[in-house]
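Below, each chain spelled out in residue letters.
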Amino acid sequence: MSAGTYTPRPGAAPLGRMIAAQAALETRMLLRNGEQLLLTVIIPTLLLVLFSAVDIVDTGAGESVDFLAPGILALAVMSTAFTGQAIATGFERRYGVLKRLAASPLPRWALMTAKTLAVLVTEVLQVVLLTVIAFALGWSPHGNPVTVLLLLVLGTAAFSGLGLLMAGTLKAEATLAAANLVFLLLLVGGGVIVPLDKFPDAVQSVLGLLPIAALSDGLRDVLQHGAAMPWGDLGVLAAWAVLGLGAAARFFRWE
């Protein structure tokens, strides 16, 4: 055995490996958290099954699941990228986790990248699960998968920016209350289950500018009606993504 075989080699791991390790940790934390599972899996699944099986809301002509499935996919994105991420990051900030991680060799932007990757992995699992359930309920989707993917990515960016902005500016308890309240309000008034045309005319134009409404309507236009690229909805999501991520980068407080 040659000398120096066990000589320590201190130093940071390659950046890509650090991001991958942090993303894997963030994903495991998301999937092990009971409240996160309630928001990301149980609630969307129950809503999809309940409103598809029971004729509670008038969803127009055709099968209810054809209207509901795109909205529930949008809800799944919001629950993970906005509500879940805001609450988790808010409490990490309160307990000093973010402060300690910021002092590690992992750059702050790389930590945010790892969190985003964890959100994307969770969303992939959500989409697969909800798609399987929707198919079992008789869903018949149409449209271009690339367009659907673009809508989901822009929706994720928009909600992530808003979630990080909330988590980085409010106290943890305020973030918990505000994130859950926004989740419920957007669930009711964002076109997820109740069509926007059921609301008064004066309100529809305002609700249509919400990111959840743009994502729901965009997915519904493509998956239910086989429409081409929904540029209007994509524009709304892109605007929210730029505003949310820009504000989060500017005002996020690590302590």
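Located above this text is the structure these notes cover.
Parameters and conventions
- Residues numbered from 1 in each chain as written.
- Predicted model: local features only at pLDDT ≥ 70, side-chain atom pairs only at ≥ 80, totals over all residues.
- Heavy atoms only, no water.
- Axes fitted to C-alpha atoms, helices over the stretch in contact; angles between N-to-C directions.
- Helix = DSSP H or I, 4+ residues; strand = E, 2+ residues; numbered from the N terminus.
- Left-handed = near helix turned anticlockwise from the far one by under 90°.
- Contact = heavy atoms within 4.5 Å.
- Nonpolar A, V, L, I, M, F, W, Y, C, P; charged D, E, K, R; others polar.
- Patch = residues over 30% accessible without salt bridge, like charges linked within 9 Å, V, L, I, M, F, W, Y side chains within 5 Å.
- Areas by Shrake-Rupley, 256 points an atom, 1.4 Å probe, with all protein chains shown as cover.
- Salt bridge = Lys/Arg side-chain N within 4 Å of Asp/Glu carboxyl O.
- Expected span 1.5 Å × (residues − 1).
- Bend = angle between axes of the 7 residues up to and from the residue.
- Buried < 20%, exposed > 50% of the residue type's maximum accessible area, 1.4 Å probe, protein only.
- Parallel < 35°, antiparallel > 145°, perpendicular 65-115°, else oblique.
- Phe/Tyr/Trp six-rings, centres within 6.5 Å; stacked < 30°, edge-to-face > 60°.
- Lys NZ or Arg CZ within 6 Å of the ring centre and 35° of its normal.

Participant: Any chance you could break down the packing of helix α9 (residues 211–223) against helix α10 (residues 231–251) for me, citing the residues and the numbers?
Facilitator: It is the contact of α9 with α10, at a shortest axis distance of 9 Å, that shows an interaxial angle of 145°. Helix-helix and strand crossings are classified by hand; for α9 and α10 the assignment is left-handed. Contact residues: α9 offers P211, A214, L215, D217, G218 and D221, while α10 offers D233, V236, L237 and W240. By residue class, the composition of the contact of α9 with α10 is six nonpolar, one polar and three charged.

Participant: Explain a nonpolar patch on the surface residue by residue, including any values.
Facilitator: A cluster of nonpolar side chains, namely L31, L37, V121 and L125, defines an oily patch on the protein surface of about 290 Å² accessible area. Mapped onto the elements, L125 comes out in helix α5 (residues 108–136).

Participant: Requested: an account of helix α3 (residues 64–94), with residues and values cited.
Facilitator: End to end, α3 covers 43 Å across 31 residues, agreeing with the expected 45 Å (1.5 Å per residue, within 8%). At S79, α3 is bent by approximately 35°, the largest bend along its length. α3 sits mainly inside the fold: 28 of its 31 residues count as buried. In the stretch just after α3, G96 is the one whose phi turns positive, near 85°.

Participant: Summarise helix α2 (residues 34–53); cite the residues concerned and give the values.
Facilitator: Along its length, α2 reaches its greatest deviation from straightness, about 35°, at I42, and the proline P44 lies no more than four positions downstream. Where α2 is buried, its residues contact α1 (15–32), α3, α5 and α7 (172–189).

Participant: Before we move on, could you go through the packing of α2 against α3 and cite the residues and values that matter?
Facilitator: Between α2 and α3, the least distance of the axes is 9 Å, while the angle of their chain directions is 165°. With respect to each other, α2 and α3 are oriented roughly antiparallel. Every pair of crossing elements has a handedness; the one defined by α2 and α3 is right-handed. Across from E35, Q36, L39, T40, P44, L47, L48, F51 and S52 in α2, the residues of α3 making contact are S64, V65, L68, A69, I72, L75, S79, T80, T83, G84, I87 and A88. Across the contact of α2 with α3, the residue classes tally to twelve nonpolar, eight polar and one charged.

Participant: Outline the packing of aromatic side chains, listing residues and values.
Facilitator: Counted according to the given criterion, the structure contains three aromatic pairs. Between F91 and Y95 the ring centres are 6.1 Å apart and the planes differ by 35°, which places this aromatic pair in the tilted class. Aromatic pair F252 and W254: ring centres 5.3 Å apart, planes at 70°, arrangement edge-to-face. Neither F252 nor W254 differs from the other in exposure class; each is buried. The ring of F67 is capped by R220, whose NZ or CZ atom sits 3.8 Å from the centre of that ring.

Participant: Got a sec to walk through the side chain of K115? Specific residues and values, please.
Facilitator: The topology assignment puts K115 in helix α5. The buried category is assigned to K115, whose relative accessible area is 4%. Look past the residues within four positions of K115 in its chain and what remains in contact with it is E26, Q85, T89, E92 and L98.

Participant: An account of the pattern of salt bridges is requested, with residue identities and associated values reported.
Facilitator: If you walk through the whole model with that rule in mind, you get four salt bridges. For E26, the salt bridge goes to K115, with nearest N and O atoms at 3.3 Å. A residue pair is termed long-range when its members are at least 10 positions apart, and E26 in helix α1 and K115 in helix α5 qualify at 89 residues. For the pair shown, E26 and K115 are each scored as buried. E173 is the partner of R94 in a salt bridge, and the nearest nitrogen-oxygen pair spans 2.3 Å. Separated by 79 residues along the polypeptide, R94 in helix α3 and E173 in helix α7 bring together distant segments of the chain. Residue R94 is classed as partly exposed on the basis of its relative accessible area of 46%. Classification of E173 as partly exposed rests on a relative accessible area of 41%. Here the residues in one salt-bridge network are E26, E92 and K115, joined through shared partners.

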